[in-house]
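Structural characterization, general
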Amino acid sequence: MVKVSMKYKVTINIVAWMIGILLLIPLFGLVMASIRPFSEVVSGWWILKNAHFTLENYIDVLDRGFARNILNSIIIAGFATILPLLVSGMAAYGFTSFSFPVKTMLFLTLVAIQVVPQQAVIIPLLKLFRDLGLYNHMYGIILVHSAFALPWTIFFLRNFFMSIPKDYEEAAKIDGLGSVGIYFRIILPIALPAIISVAVVQFIFAWQDLFFAITLLRPENWPASAGITKFVSRYNPNWGQLTAAGVLTILVPLLVYVALQKYYMKGVSGGIKG
């Protein structure tokens, strides 16, 4: 085992803290701009002498219907996370535990689909939405996010499932469990950190989507990522309301990440060692 010197540890910690502080400066500026009058912000949000703090911008933002946009985001991102995970978990287990024709070709197809850009499919997708009556319906955009999530979630979970020792499955089969029982009673509990880490990433992906939101939905059904644009004006943007809406937009995914951080780090750090 390689010993790490104290000097090296101190250096790494200093560098990490410096990077963290640099990354937090824009966020701190966003928060300060949202709780201070515009006349103080233009003079420098970092100047705290004689500063006046107010929640007026947040009240104005909520009064203008931004709470509905946040609720739309929660609904869309929530279902667009749960739905693909229900499918991708079973699909990933099938790729790791069963043999069937064209298995390798199908998996390579899923990998290739991941590089298809959203812009390449938006025109035929919009026409399909209009023909099927899915335009301006949240369940339609939930299906779109779920479809785009399936390839990478299957790929991620399949790699994690492959790291689970086969001894667990063999012992469960000896005890009389079938494939369904093994998946729900053995594999899922073991893979919980990986599933939660995938859920966090997918939730953030769906939450921050702007492209599909403004294309497939009308303003009354826009999520927060698109609803924030109504506070932007070409000649006279309301910086107070815009920054307040920005803070509210990042608040939910931030809370989700903080709440599930422990499981997320376990999931991305690797598979099972056995």
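Here's a quick rundown of the structure. Residue numbers here run from 1 along each chain, matching the order of that chain's written sequence. Selection of residues for local features in this predicted model requires a pLDDT of at least 70, selection of side-chain atom pairs for listing and counting requires 80 or more, and totals for whole chains, interfaces and linings are taken over all residues. To obtain the side-chain values, all non-hydrogen atoms of the structure were included, while hydrogens and water were left out.

This part covers the side chain of S146. Helix numbers and strand numbers start at the N terminus; a helix is a DSSP run of H or I with at least 4 residues, a strand a run of E with at least 2. By secondary structure assignment, the location of S146 is in helix α7 (residues 138–162). Burial here depends on accessible area, computed with a 1.4 Å probe over protein chains only, as a share of the maximum for the residue type. Under 20% is buried, over 50% is exposed, and the range in between is partly exposed. Residue S146 is classed as buried on the basis of its relative accessible area, which comes to 5%.

Before going further, it helps to spend a moment on helix α6 (residues 122–132). Structural remark: α-helix, 3.6 residues per turn; residues separated by three or four positions point the same way. For α6, the full list of buried residues reads I122, L125 and F129. Buried residues of α6, viewed axially, fall in a sector of 60°; they line one side. In α6, the exposed positions angled more than 90 degrees off the buried face are occupied by I123, K127, R130 and D131. We call two residues contacting when some pair of their heavy atoms lies within 4.5 Å. Residues of α6 that are buried sit in contact with α7 and α11 (211–216). Among the residues trailing α6, G133 stands out with phi positive, at a value near 75°. Regarding the arc, it is the one traced by the directions from the helix axis to the C-beta atoms.

Below, the discussion takes up the packing of helix α10 (residues 192–207) against helix α13 (residues 239–259). α13 packs onto α10 with a crossing angle of 175° between their chain directions and a minimal axis gap of 10 Å. Viewed along their axes, α10 and α13 adopt a mutual orientation that is roughly antiparallel. Of the residues in α13, those in contact with V200, F203, I204 and W207 of α10 are T249, V252, P253, V256 and Y257. Three residue categories are used. Nonpolar comprises Ala, Val, Leu, Ile, Met, Phe, Trp, Tyr, Cys and Pro, charged comprises Asp, Glu, Lys and Arg, and polar comprises the others, including Gly. Within the contact of α10 with α13, the residues separate by chemical class into eight nonpolar, one polar and no charged. To obtain each axis, a line is fitted to C-alpha atoms, and for helices this fit is confined to the stretch in contact; angles are then taken between N-to-C directions over 0 to 180 degrees. Our angle categories are set so that under 35 degrees counts as roughly parallel, over 145 as roughly antiparallel, 65 to 115 as roughly perpendicular, and the remainder as oblique.

Attention shifts here to unusual backbone geometry. Positioned with a positive phi, N50 is a non-glycine residue whose angle comes to about 60°. The residue N50 is located in the loop between α2 (38–41) and α3 (56–63) in this model. Residue N50 is classed as exposed on the basis of its relative accessible area of 61%. Phi at N136 takes a positive value of approximately 65°, unusual for a residue other than glycine. As for its position among the elements, N136 is in the loop between α6 and α7. Taking the relative accessible area as the measure of exposure, N136 reaches 11% and is therefore buried.

This next bit is on the nonpolar core. Throughout, nonpolar core names a set of buried Ala, Val, Leu, Ile, Met, Phe, Trp, Tyr and Cys residues whose side chains join them through atoms within 4.5 Å. One finds V61, F66, F129, F212 and L216 to be the most contacted residues of the largest nonpolar core, which totals 35 residues. Where this core is concerned, the elements lending two or more residues are α3, α4 (66–97), α6, α7, α10, α11, α12 (224–227) and α13. Among residues more than four places away in sequence, those in contact with F129 are L134, Y135, G140, I141, V144 and L216. In this structure, L85, A92, A149 and A194 belong to the second largest nonpolar core, which totals 18 residues.

One fewer than the residue count of a helix, multiplied by 1.5 Å, yields its expected span. Here helix α9 (residues 179–190) contains 12 residues, and its C-alpha end-to-end distance of 15 Å stays within 8% of the 16 Å for a straight helix at 1.5 Å per residue. Looking at α9, one finds that the buried residues are G181, I182, Y183 and I187. Buried residues belonging to α9 abut α4, α7 and α8 (166–174).

Rolled over the atoms, a probe with the dimensions of a water molecule shows which regions are left empty. Here a cavity denotes a set of grid points, spaced 1 Å apart and computed over the protein atoms alone, in which a 1.4 Å probe fits but from which it cannot get out, and a pocket denotes an open set meeting protein on both sides within 12 Å along at least five of seven lines; residues with an atom within 4 Å of a point are reported as lining. Grid points are joined across faces, edges and corners, and a volume is the space filled by probe spheres set on the points. Put simply, the largest pocket is a space of about 360 Å³. If you trace the largest pocket, you find 17 residues lining it, with Q118, H145, F148, A149 and F212 closest to the centre. Those elements giving two or more residues to the lining of the largest pocket turn out to be α7 and α10. Ranked by the residues each element gives to the lining of the largest pocket, the list is headed by α7, at six residues. Partitioning the lining of the largest pocket into residue classes produces 11 nonpolar, five polar and one charged. There is about 230 Å³ of room inside the second largest pocket. When residues of the lining of the second largest pocket are traced back to their parent elements, those giving at least two are α10 and α13. With five residues, the single largest contributor to the lining of the second largest pocket is α13. Considered class by class, the residues forming the lining of the second largest pocket number seven nonpolar, three polar and no charged.

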